[in-house]
Amino acid sequence: MLEFLIEHMNDRQSLITAFAAVAAIATVLSLAMPLLATNSLGKRMKAVAFEREKIRQRERERMARGEKVSLRQSPKQYVKTIVERFNLTKWLAQEEVRGKLMQAGYRGQAPYITFLFFRMLTPIILFPVTAFYLFVVLEWDQPTMVKVGICVFAAYLGLQLPLLFLKNKIGKRQLSIKRAFPDALDLLLICVESGMSIEAAFRRVSMEIGSQSIALAEELTLTTAELSYLQDRRQAYDNLGKRTDLEGVKAVCLALQQAERYGTSLAQTLRVLSQENRDMRMTEAEKKAAGLPPKLTVPMILFFLPVLFVVILGPAAIRVMATQDEQAKQPEAPAITRPAR
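Model, not experiment: these values are computed from the prediction.

Looking at the overall build of the chain
Link 1 in the chain: When you go through the chain residue by residue, the secondary structure sums to 14 helices and zero strands.
Link 2 in the chain: Secondary structure of the chain in N-to-C order comes out as α-α-α-α-α-α-α-α-α-α-α-α-α-α.
Link 3 in the chain: Split into buried and exposed, the 341 residues of the chain put 24% on the buried side.
Link 4 in the chain: For the chain, the proportion of contacts with a sequence separation of at least 24, taken over those separated by at least 6, is 63%.
Link 5 in the chain: For the chain, the accessible area works out to roughly 25400 Å², and carbon and sulfur atoms hold 63% of it.

Okay, structure coming up:
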């Protein structure tokens, strides 16, 4: 079997046939995947409802037993102990970390403690792993100071990895909110024009927009709760702008604050802001489309052009090679000698 595979791997015709078969299968799969994809929203909603009922039943049993029920998430005891023992809140904490954690969807003291713990743990792990790889596994003929410098750089990279993870999480969350926010403004406008209060409108929109953006639904639900218990309602709008950190959301929050303070028309303001957010989304899409040709230049040079040259020049090259082989196989004609005069 192995000899058979080696023999056919050296055969040009067999390789061409195999690559053609792989390309055909990939094409069929690419065309069939959208048709085979199913909408899992219904299954997810049923699973969420079932899980909600289980949580309610479990909490009722805990309350019936007299156990203390806490809605605030608490960190692990060993994590909290390590953070307090090494005083990481003094050495590794930053002023903007709490705000970034809120923007990423992590609220409370537990995510903050966990963030500090992993910011201490990742350099401790990366430094010995890099040192073991450079000094033991990899036979690299370099000075010792260069290897030590690489290990220190790996430790610094480990120190920055939690921040990079947090930044990536914030970017994904903001993208989800940005895509669904114009539709949320349209729903909010419809609710306000129908006579709902702003709290009821936010609550209704948070229920309807969850199928498009869970992050936006969470923020609107939290804003509804803050509108109910905060003394200054404008603080709730300000908190929404800080948690999302998006210009479109901040503009809407500022308009809601002005309407709350001066009593201006909220429906007209929401209509204008909704159109502006849609225009901003369209402008961003056009900007990405305009930047696509320069990004495609390198992939086209590396992947498309060689294949195109092979397709165009391949048959001509095969014909030339076949002609040369035929000429080499033909016997040479005898030389004609002329009689001397």
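Now that the structure has been shown, the text picks up again.
A closer look at helix α11 (residues 233-244)
Link 1 in the chain: In a regular helix each residue adds 1.5 Å, so twelve residues correspond to 16 Å; α11 covers 18 Å between its end C-alpha atoms and thus fits that length.
Link 2 in the chain: The set of residues buried in α11 consists of Ala236, Tyr237, Asn239, Leu240, Gly241, Arg243 and Thr244.
Link 3 in the chain: For α11, the elements touching its buried residues are α6 (97-103), α8 (144-193), α9 (198-208), α10 (214-229) and α12 (247-262).
Link 4 in the chain: Note on α11: the residue one or two positions beyond its end, Asp245, has a positive phi of about 60 degrees.

Section: the pattern of salt bridges
Link 1 in the chain: Tallied over the full model, the rule gives 15 salt bridges.
Link 2 in the chain: With a closest N to O distance of 3.3 Å, Arg173 and Glu218 form a salt bridge. Linking Arg173 in helix α8 with Glu218 in helix α10, this pair joins segments that are 45 residues apart in sequence.
Link 3 in the chain: As a salt-bridge pair, Arg233 and Glu260 come within 2.8 Å of each other at their nearest N and O atoms. Linking Arg233 in helix α11 with Glu260 in helix α12, this pair joins segments that are 27 residues apart in sequence.
Link 4 in the chain: Looking at Glu260, the relative accessible area reads 35%, which means it is partly exposed.
Link 5 in the chain: What you see here is one network of salt bridges that share partners, running through Arg107, Arg173, Glu218, Glu219, Glu226 and Arg243.

Observations regarding α10
The α-helix winds at 3.6 residues per turn, so residues separated by three or four positions along the chain end up facing the same way.
Link 1 in the chain: For α10, built from 16 residues, the straight-helix expectation of 22 Å at 1.5 Å per residue is met to within 8% by its first-to-last C-alpha distance of 23 Å.
Link 2 in the chain: Those residues of α10 lying buried are Ala215, Leu216, Ala217, Glu219, Leu220, Thr223, Thr224, Glu226 and Leu227.
Link 3 in the chain: Close packing links the buried residues of α10 with α6, α8, α9 and α11.

Some words on empty space enclosed by the protein
Link 1 in the chain: Counted under the stated rule, the structure contains one cavity of 30 Å³ or more.
Link 2 in the chain: In this structure, the largest cavity encloses a volume near 80 Å³.
Link 3 in the chain: Phe181, Ala184, Leu185, Leu188, Phe202, Val205, Leu220, Leu240, Val249, Val252, Cys253 and Leu256 together form the lining of the largest cavity.
Link 4 in the chain: Tallied by class, residues from the lining of the largest cavity come to twelve nonpolar, no polar and no charged.

Side note on the packing of α11 against α12
Link 1 in the chain: Packing of α11 against α12 leaves a shortest axis separation of 9 Å and a crossing angle of 175 degrees. Judged on the interaxial angle alone, α12 and α11 are roughly antiparallel. In this structure, α11 uses Arg233, Arg234, Tyr237, Asp238, Leu240, Gly241 and Thr244 to contact α12, whose residues at the interface are Val249, Lys250, Cys253, Leu256, Gln257, Glu260 and Arg261.
Link 2 in the chain: In terms of residue class, the contact of α11 with α12 is made up of five nonpolar, three polar and six charged.

Considerations on the packing of α8 against α10
Link 1 in the chain: The interhelical angle for the contact between α8 and α10, taken along N-to-C directions, is 70 degrees, at an axis separation of 7 Å. As far as their axial angle goes, α10 and α8 are roughly perpendicular. Touching Arg173, Ile177, Ala180, Phe181 and Ala184 of α8 are Ala215, Leu216, Glu218 and Glu219, all from α10.

Considering unusual backbone geometry
Link 1 in the chain: Positioned with a positive phi, Asp245 is a non-glycine residue whose angle comes to about 60 degrees.
Link 2 in the chain: Structurally, Asp245 is set in the loop between α11 and α12.
Link 3 in the chain: When its relative accessible area of 35% is taken as the criterion, Asp245 is described as partly exposed.

Side note on the packing of aromatic side chains
Link 1 in the chain: All told, the structure shown has two aromatic pairs when counted by the stated rule.
Link 2 in the chain: With centroids separated by 5.5 Å and ring planes inclined at 80 degrees, the aromatic side chains of Phe117 and Phe118 adopt a geometry described as edge-to-face.
Link 3 in the chain: Over the ring of Tyr112 we find Arg98, and its NZ or CZ is 3.9 Å from the ring centre.

Rules and cut-offs
Residues numbered from 1 in each chain as written. Predicted model: local features only at pLDDT ≥ 70, side-chain atom pairs only at ≥ 80, totals over all residues. Heavy atoms only, no water. Helix = DSSP H or I, 4+ residues; strand = E, 2+ residues; numbered from the N terminus. Buried < 20%, exposed > 50% of the residue type's maximum accessible area, 1.4 Å probe, protein only. Contact = heavy atoms within 4.5 Å. Areas by Shrake-Rupley, 256 points an atom, 1.4 Å probe, with all protein chains shown as cover. Expected span 1.5 Å × (residues − 1). Salt bridge = Lys/Arg side-chain N within 4 Å of Asp/Glu carboxyl O. 1 Å grid on protein atoms, 1.4 Å probe; cavity = no way out; pocket = protein on both sides within 12 Å on 5 of 7 lines; lining within 4 Å. Points joined across faces, edges and corners; volume = space filled by probe spheres on them. Nonpolar A, V, L, I, M, F, W, Y, C, P; charged D, E, K, R; others polar. Axes fitted to C-alpha atoms, helices over the stretch in contact; angles between N-to-C directions. Parallel < 35°, antiparallel > 145°, perpendicular 65-115°, else oblique. Phe/Tyr/Trp six-rings, centres within 6.5 Å; stacked < 30°, edge-to-face > 60°. Lys NZ or Arg CZ within 6 Å of the ring centre and 35° of its normal.

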